[in-house]
Amino acid sequence: MDQALLIEKIILVLTMLGITLLIATYSTYAERKVAAFLQDRLGPDRAGPFGLLQPLADAGKMFFKEELIPAASEKWLFIMGPGIAMFTACMTGAAIPWGTELHIFGYTLNMQIADIDIGILYIIGFVSMGVYGIMIGGWASNNKYSLYGAIRASSQMISYELAMGLSIIAVVMMSGSLSLKEIAAQQSGMNWNVWYQPLGFVIFFTCALAECNRAPFDLPECETELIGGYHVEYSSMKLGFYLFAEYINMFISSAVIATLYFGGYNFPFQDMISSPALLGWLQFIALFAKIFFFIFVFMWIRWTLPRFRYDQLMHLGWKSLIPLAILNMVITAAVVIARNNGF
Amino acid sequence: MMDNIPFLIFSFITILTALGTVTARNPVYSVLFLVLTFFALSGHYILLNAQFIAVVNLIVYAGAIMVLFLFVLMLLNLNKDSEAPRPWLWQISAALSAGMLLVVLAGSMREASLYLVKGGPEAGEIGLVKNLGKALFTEFVVPFEISSILFLAAMVGAVMIGKKEKQQA
């Protein structure tokens, strides 16, 4: 039994990792298509039908480009930087419930890799670890622009983590659990947290944009001021890793937003489906539909809003989002106490 | 013996990275070694079934405090060349005082009886977030509140110091 469980988990880990990488790959394609659509262009359409092979062509190009390591860099840290960024990005998926269970060839597969007691904290922990990839890479390059990028990234991430944590606390107080499985299960049908936590959702979403270094908060790689930000000195697949990690982070953030606020794998009228096998697949599909929607929103925002200035970013984080998140937390706490006392 | 293997691995990593922290010449490497030490310590906490402490250790120490350390070090750009010269008298006195601290710590730990949580069905599960929360807010509520007041005072103090410098500038 133990061995069967181990094999099941290994298969699940590899599948989810594969899906994560595939979605991240095609997010680059989707991003260019969305940008093209918003700017009234065609976007990539040369490689394959509708340009569908474009990500593969890009990856091939990345692999074959010349790889440069600056002479004055800290060589080991320079190589480790993109690896850390990629590693931390891939680790977070383990605690997300990708569905309830799937029935494949008469075998029931539990769709969460690790149901840890403190799932949401685990995710915050690895998200906050993600900044090391950027900081180490930016510093090891021994370039002033990349150092600026790294410093911006770290201060931005620390600032927005606070508001993000505070908005998560409100959700945790409501559901009384830190386990993502439990939080998702409580939002059965249309009983989504976003109806109770609209402000918390807006704060969390803004912070997610900032944590992923996505526009309008992509100050660490602001071309107009910093050439390319923390990855100026990187070339070839190391640069690819940094860019790729950003898309993985985007995918994971979308999954976390869907799980925390939009019911996770739950969809309306799911109680009417009697077959558990069909239900399992539909829940899996429902979660991914939500994730794709949020990835699209991320891109939509990127190609709509201009970049913030750095002081505006800090003002927004410390003087608007954190007070709002504290207010949201206090109100939630009052409502939870009132409810528990039978009002 | 088999059960000990994760513990031995984590201990090995902890000691090795802790040594790296004090021996590394470049302060940035020191901080990175310390981050690895925190990771290995979190591994120990998980072995003790204290998941909450493990993750909070990562979020607070490795994720926030060490990032700030790194931040300052990168801004100062300290490296081997900017290291202050150390006369041998300093080295000897540093070794002596550190050794004395070790003796004091070891002596106090030898006689100390560790506070054990009362036995019962949940004895090994005090580290789970539910039990930890209950213990903190019932049995240990006074020390818990006092330490939060201490934190508040420290925060206010930090803000005051920051403000003062701004007015002078």
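None of these values were measured; they are calculated from a predicted model. (Residues numbered from 1 in each chain as written. Chains lettered and ligands numbered in written order. Predicted model: local features only at pLDDT ≥ 70, side-chain atom pairs only at ≥ 80, totals over all residues. Heavy atoms only, no water.)

Chemist: Please explain the overall build of chain A as it appears in this structure.
Modeler: Tallying secondary structure elements over chain A gives eleven helices and two strands in all. Along chain A, helices and strands appear, N-terminal first, in the series α-α-α-β-β-α-α-α-α-α-α-α-α. Over its C-alpha atoms chain A spans a radius of gyration of 21 Å, differing by no more than 12% from the 20 Å that the globule rule assigns to 343 residues. Oriented by its inertia axes, the alpha-carbon framework of chain A measures out at about 65 × 50 × 45 Å. Residues classed as buried in chain A amount to 53% of the 343 residues present. Per element, the accessible surface of chain A, about 15,700 Å² overall, is 70% carbon and sulfur. Averaging the coordinates of the 19 positive side-chain charges in chain A and doing the same for the 23 negative ones gives two points 7 Å apart. (Helix = DSSP H or I, 4+ residues; strand = E, 2+ residues; numbered from the N terminus. Rg over C-alpha atoms; globule rule 2.2 N^0.38 Å. Buried < 20%, exposed > 50% of the residue type's maximum accessible area, 1.4 Å probe, protein only. Areas by Shrake-Rupley, 256 points an atom, 1.4 Å probe, with all protein chains shown as cover. Lys, Arg positive; Asp, Glu negative; His and termini not counted. Charge placed at Lys NZ, Arg CZ, Asp CG, Glu CD.)

Chemist: Is there a simple way to explain the packing of helix α1 (residues 4–23) of chain B against helix α2 (residues 27–47) of chain B in this structure?
Modeler: The description of two helices packed together rests on the angle between their axes and the distance between the axes. All names here are of chain B. Where α1 meets α2, the closest approach of the two axes is 8 Å, and the angle between their N-to-C directions is 160°. Between α1 and α2, the angle falls in the class roughly antiparallel. Crossing handedness for the pair α1 and α2: left-handed. Note on element contacts: α2 touches α1 through Ser-30, Phe-33, Leu-34, Leu-36, Thr-37, Ala-40, Leu-41, Gly-43, His-44 and Leu-47, opposite Pro-6, Phe-7, Phe-10, Ser-11, Ile-13, Thr-14, Thr-17, Ala-18, Gly-20 and Thr-21. Partitioning the contact of α1 with α2 into residue classes produces eleven nonpolar, nine polar and no charged. (Axes fitted to C-alpha atoms, helices over the stretch in contact; angles between N-to-C directions. Parallel < 35°, antiparallel > 145°, perpendicular 65-115°, else oblique. Left-handed = near helix turned anticlockwise from the far one by under 90°. Contact = heavy atoms within 4.5 Å. Nonpolar A, V, L, I, M, F, W, Y, C, P; charged D, E, K, R; others polar.)

Chemist: Help me understand a nonpolar patch on the surface, please; the structure alone is not making it clear to me.
Modeler: Residue and element names in this part refer to chain A. A grouping of Phe-37, Leu-38, Phe-293, Phe-296, Trp-300 and Trp-303 is seen on the molecular surface, where their side chains present a nonpolar patch of about 640 Å² in accessible area. If you list the elements that add at least two residues to the nonpolar patch, you get α1 (2–38) and α10 (276–302). Ranked by residue count, the leading element in the nonpolar patch is α10, at three residues. By the element assignment, Phe-37 lies in helix α1. (Patch = residues over 30% accessible without salt bridge, like charges linked within 9 Å, V, L, I, M, F, W, Y side chains within 5 Å. Salt bridge = Lys/Arg side-chain N within 4 Å of Asp/Glu carboxyl O.)

Chemist: Help me understand the pattern of salt bridges, please; the structure alone is not making it clear to me.
Modeler: Charged atoms that come close allow side chains of opposite charge to pair. The full count for this structure, using the stated rule, is five salt bridges over all chains. Linking Asp311(A) and Arg309(A) is a salt bridge whose minimum nitrogen-to-oxygen distance equals 2.9 Å.

Chemist: What is the right way to read the side chain of Gln283(A) from this model?
Modeler: Relative to the helices and strands, Gln283(A) resides in helix α10. In this view, Gln283(A) contacts Thr100(A), Tyr265(A), Asn266(A), Phe267(A) and Gln270(A); residues no more than four positions away in its chain are not counted.

Chemist: Help me understand the domain arrangement of chain B in this model?
Modeler: Accessible area lost upon the coming together of the parts serves often as the stated size of an interface. Split by domain assignment, chain B resolves into domain 1 (1–79) and domain 2 (128–169). Distance from the C-alpha centre of domain 1 of chain B to the C-alpha centre of domain 2 of chain B: 24 Å. (Domains from an automatic or database assignment.)

Chemist: Please clarify how the environment of Ile146(B) should be interpreted in this entry.
Modeler: Residues and elements named next belong to chain B. Relative to the elements of secondary structure, Ile-146 occurs in helix α6 (residues 141–168). Among the residues examined, Ile-146 registers a relative accessible area of 52% and is labelled exposed. Between the C-alpha atom of Ile-146 and that of Ile-53, which follows or precedes it by 93 residues, the distance is 20 Å.

Chemist: Just checking my understanding: could you explain the state of the cysteines for this structure?
Modeler: Such a bond, covalent and formed between the sulfur atoms of two cysteines, is termed a disulfide. Residue and element names in this part refer to chain A. Summed over the entire model, instances satisfying the criterion amount to zero disulfides over all chains. The thiol of Cys-207 is unpaired, and the distance to the nearest cysteine sulfur, on Cys-212, comes to 11 Å. For Cys-207, a relative accessible area of 0% corresponds to the buried category. (Disulfide = S-S within 2.5 Å.)

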